[in-house]
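# Observations on the three-dimensional arrangement
Chain by chain, the residues:
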Amino acid sequence: MRILAIETSCDETAAAVLADDGRRIQILSEVVSSQNELHERYGGIVPELAAREHLTNLPIVVDSALRAAGLDYGELDLLAVTRGPGLHGCLLMGVNFARGLSMARKLPLLGINHIEAHLFSPWIEVEGPSFPFLSLVVSGGHTEIHLVEDLNRYTLIARTRDDAAGEAFDKSANLLGFTYPGGARLANAADKFLAGSRTPRSGLALPKVMCGERDFSFSGLKTAIQLLLARHKELCATEEGRCELSAVIQCAIVDILESRVRDAATLTGVGTVAVAGGVSANSALRTRISQLPGMRVLFPRPEHCMDNATMIGFLALHKYRRGARDAGECSALSRWPVEQVHGQ
Ligand code: KG4
Ligand code: ZN
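On a predicted model such as this, the values are computed, not experimentally measured, just so you know.

### Points about the coordination of the zinc ion (ligand 2)
- For the zinc ion (ligand 2), the full set of protein donor atoms is His114 (NE2), His118 (NE2) and Asp307 (OD), at a range of 2.1 to 2.2 Å.
- In this structure, the zinc ion (ligand 2) is surrounded by four donor atoms whose angles at the metal cover 92 to 151°, and the resulting shape is irregular.
- If you list the donors of the zinc ion (ligand 2) from N- to C-terminus, the spacing comes out as H-x3-H-x188-D. Placement of His118 in helix α4 (residues 114–120) and of Asp307 in the loop between α11 (302–305) and α12 (310–321) is noted, with a sequence separation of 189 residues between them.

This is the structure:
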């Protein structure tokens, strides 16, 4: 079974080819074209521009994925595309492209939930998935913990009430003057400070937010960060100071994520946690979650933390193994919570 998967939910145009021999799923090729440079000058994603860019990039990205896999369209058995959630115009580009391919090449098409694909992405490189596991998805638009009892059996444990963790990183990075998307840049600056085994001075500590709550909230932290930076303008003015402030901010965000995972493990008694999404590339988060006592912890490879089509193909193949088939209704769904995926 050979699958071509397409992802265009946000600002990455991605395609991947995977093969499933019934025992093992193998990645034959994966291509990601990022639009970071295009949106950098606007300080955030411009949906209309992102959608147009997908339209230009899709044929190129899909062709190069097929060429890298050494396959022709005629050698494919299945197509998969991200249906949602995401930016509507962006999703439409991928979905319409995939539907066109499906009709022209008479290939079945499976529509995949982007967050559900993130949720299974830590299992791409390891044997599994083995159920049950807890999933922490931390991306630019989502921050949620699910109990995953089986494919299609997800229980929401916690969700952010306001900003996502990636947004908290990006907005803080913006306040510190890092260009968009600043999350990884802030993380780099923090790691630079922490590399010398230094700890930020205690006067810079941020308040603990929403202690005792099950959900996430980052908006209070954002206000606290704004006040902190206003109080320490002298630190914002030097690279060394920005690195120290980055370390403080990163630690506060990671604290929130780690404490909610710990609570979810206690609540459910589940001993495996799989962390996914763009923020799962963060090294401080990886270290802290890996140190949770008695837990098996999984992370995707760095390139599978960010948006990619490999995770879309991987989940589609698992769904196909379990009997999912083309139901002829693959439309774009900009809002599509994971708990509502059942039966798709
Ligand atoms: O999953 P993703 O690629 O796209 C969405 O579906 O949102 O996640 C992107 C988010 C951005 O907010 C980005 O700043 C953040 O992940 N990010 C990071 C790091 N790398 C990417 N945040 C913290 N530390 C990182 N190393
Ligand atoms: Zn994502």
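### A closer look at the packing of helix α6 (residues 183–195) against helix α9 (residues 239–268)
- Where α6 contacts α9, the two axes come as close as 7 Å, and the packing angle between them is 100°. Considering the angle they form, α6 stands roughly perpendicular to α9. Every residue of α9 that contacts α6 at Leu186, Ala187, Ala189, Ala190, Asp191, Lys192, Phe193 and Leu194 is listed here: Glu239, Glu240, Cys243, Glu244, Ser246, Ala247, Ile249 and Gln250.
- Split into classes, the residues belonging to the contact of α6 with α9 amount to nine nonpolar, two polar and five charged.

### Observations concerning the pattern of salt bridges
- Enumeration according to the criterion identifies 23 salt bridges in this entry.
- For Asp21, the salt bridge identified is with Arg23, shortest N-O distance 3.5 Å.
- Note on Arg23: relative accessible area 72%, which makes it exposed.
- Of the charged contacts, one joins Lys171 and Asp163 as a salt bridge, the two residues approaching to 3.3 Å between their closest N and O atoms.
- Judged by relative accessible area, Asp163 falls into the buried class, the value being 9%.

### A word on the nonpolar core
- Ranked by size, the top nonpolar core spans 51 residues in total, and within it Ile145, Leu206, Phe218, Leu221, Ile253 and Ile289 carry the most contacts.
- By residue number, the principal contributor to this core is α9, which donates 13 residues.
- Setting aside residues up to four positions removed in sequence, Ile289 forms contacts with Leu136, Glu258, Val261, Val273, Val275, Val297 and Phe299.

### What about helix α2 (residues 47–69)?
- With 23 residues, α2 ought to run about 33 Å at 1.5 Å a step, and its terminal C-alpha atoms sit 31 Å apart, in line with that.
- Along α2, the largest kink reaches about 45° and is centred on Asn57; proline Pro59 follows within four residues of it.
- Of all the residues in α2, the buried ones are Ala50, Ala51, His54, Asn57, Leu58, Val61, Val62, Ala65, Leu66 and Ala69.
- The elements touched by buried residues of α2 are β1 (2–7), β2 (12–20), β3 (25–34), α1 (36–40) and α3 (88–105).
- Once α2 finishes, Gly70 follows within two positions and takes phi at roughly 70°, a positive value.

### Quick notes on the packing of α9 against helix α10 (residues 283–290)
- Contact geometry for α9 and α10: axes closest at 10 Å, N-to-C directions at 35°. Here α9 and α10 pass one another in a crossing that is right-handed. Of the residues in α10, those touching α9 at Gln250, Cys251, Val254, Asp255, Leu257, Glu258 and Val261 are Ala284, Leu285, Arg288 and Ile289.
- Its residues assigned to classes, the contact of α9 with α10 shows seven nonpolar, one polar and three charged.

### Considerations on the site of ligand 1
- Looking at ligand 1, there are 19 residues lining it, with Gly140, Asp170, Gly278, Asn282 and Asp307 nearest.
- Residue Gly140 places a main-chain N or O atom 2.7 Å away from an oxygen atom belonging to ligand 1.
- Note that a nitrogen atom of ligand 1 is positioned 3.0 Å from one of the side-chain N or O atoms of Asn282.
- In the complex, 87% of the free accessible area of ligand 1, which totals 560 Å², lies under the protein chains.

So, how was this worked out
Residues numbered from 1 in each chain as written. Chains lettered and ligands numbered in written order. Predicted model: local features only at pLDDT ≥ 70, side-chain atom pairs only at ≥ 80, totals over all residues. Heavy atoms only, no water. Donors = N, O, S within 2.8 Å, 3.2 Å for Na, K, Ca; no water. Tetrahedral: all angles 85-135°; square planar, octahedral: opposite > 155°, others 65-115°. Helix = DSSP H or I, 4+ residues; strand = E, 2+ residues; numbered from the N terminus. Axes fitted to C-alpha atoms, helices over the stretch in contact; angles between N-to-C directions. Parallel < 35°, antiparallel > 145°, perpendicular 65-115°, else oblique. Contact = heavy atoms within 4.5 Å. Nonpolar A, V, L, I, M, F, W, Y, C, P; charged D, E, K, R; others polar. Salt bridge = Lys/Arg side-chain N within 4 Å of Asp/Glu carboxyl O. Buried < 20%, exposed > 50% of the residue type's maximum accessible area, 1.4 Å probe, protein only. Core = buried A, V, L, I, M, F, W, Y, C linked by side-chain atoms within 4.5 Å. Expected span 1.5 Å × (residues − 1). Bend = angle between axes of the 7 residues up to and from the residue. Left-handed = near helix turned anticlockwise from the far one by under 90°. Near = heavy atom within 4 Å. Polar contact = N/O pair within 3.5 Å; in protein donor to acceptor, adjacent residues only side chain to side chain. Areas by Shrake-Rupley, 256 points an atom, 1.4 Å probe, with all protein chains shown as cover.

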